[in-house]
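# Observations on the three-dimensional arrangement
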Amino acid sequence: MSYICPICGYDKLEEIPYDKEGNPSYEICSCCGFEFGYDDHSEGKTFAEYRQLWIENDCKWFNEDERPKNWSLKQQLVNINIFL
Ligand SMILES: [Zn+2]
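Read on for an overview of the structure. (Residues numbered from 1 in each chain as written. Predicted model: local features only at pLDDT ≥ 70, side-chain atom pairs only at ≥ 80, totals over all residues. Heavy atoms only, no water.)

### As for the coordination of the zinc ion
Condition: The rule for donors is simple: an N, O or S atom within 2.8 Å of the metal counts, and for Na, K and Ca the reach is 3.2 Å. Water is not among the atoms, so a site may look short of donors. All geometry calls rest on donor angles, where a four-donor set with angles between 85 and 135 degrees is tetrahedral, four- and six-donor sets with opposite donors more than 155 degrees apart and all others between 65 and 115 are square planar and octahedral, and all else is irregular. Strands are runs of DSSP state E lasting at least two residues, helices are runs of H or I lasting at least four, and both sets are numbered from the N terminus onward. Note on classification: 1.4 Å probe, protein chains only; a residue is buried when its accessible area is under 20% of the maximum for its type, exposed when over 50%, partly exposed between these limits.
Protein ligation of the zinc ion involves Cys-5 (SG), Cys-8 (SG), Cys-29 (SG) and Cys-32 (SG), the donor distances falling in the range 2.2 to 2.3 Å. Coordination at the zinc ion is tetrahedral: its 4 donor atoms span angles of 106 to 112° at the metal. Counting gaps between the donor residues of the zinc ion yields the pattern C-x2-C-x20-C-x2-C. Here Cys-5, found in the segment before helix H1 (39-42), pairs with Cys-32, found in the segment before H1; they are 27 residues apart in sequence, far enough to count as distant. As far as burial versus exposure is concerned, Cys-5 and Cys-32 are alike and both buried.

Dropping the structure here:
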């Protein structure tokens, strides 16, 4: 079982980012580096704003080892219904 990051659309999160009660996982997304329960509180940005910043910074992977060889931002964003 894996879960989708609401920021970048990465679909291999090990835990659900927020459970039914809204409790965050504190997992860090291997792709965009967002930490659920931390980054959403510390900077006060919306997911969309955080995503925009990440894209403007060339979509840097938090954990480069997890990055597939033929990775596509466009394809990944489809996971969260964003069509570039
Ligand atoms: Zn992410």
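After that view, the rundown keeps rolling.
### Digging into the packing of aromatic side chains
The condition is simple: Paired rings are identified among Phe, Tyr and Trp, the last through its six-membered ring, by centres lying within 6.5 Å, and are further divided according to the angle between planes into stacked (under 30 degrees), edge-to-face (over 60) and tilted (the rest).
In this structure the tally under the stated criterion is 8 aromatic pairs. Ring geometry for Tyr-18 against Phe-47: centres 6.3 Å apart, planes inclined by 25°, an arrangement best described as stacked. One end of the pair, Tyr-18, is in the segment before H1; the other, Phe-47, is in helix H2 (residues 47-56), with 29 residues separating them in the sequence. Tyr-18 gets classed as partly exposed once you look at its relative accessible area, which sits at 24%. Consider the rings of Phe-34 and Phe-36, whose centres lie 5.3 Å apart with planes at 50°: the pair is tilted. Here Phe-34 falls in the buried class, since its relative accessible area comes to 1%.

### Observations concerning the side chain of Gln-76
Note the threshold: By the criterion applied in these results, polar contacts are pairs of N or O atoms within 3.5 Å in which, for protein atoms, one can donate a hydrogen and the other can accept it, and in which residues neighboring in sequence qualify only through two side-chain atoms. We call two residues in contact when some of their heavy atoms are within 4.5 Å.
Here Gln-76 shows up in helix H3 (residues 73-78). The class for Gln-76 is buried, based on a relative accessible area of 8%. Of the polar contacts made by the side chain of Gln-76, one reaches the side chain of Trp-71; its length is 2.8 Å. In contact with Gln-76, other than residues within four places in its own chain, are Cys-8, Gly-9, Tyr-10, Cys-31, Trp-54, Trp-61 and Trp-71.

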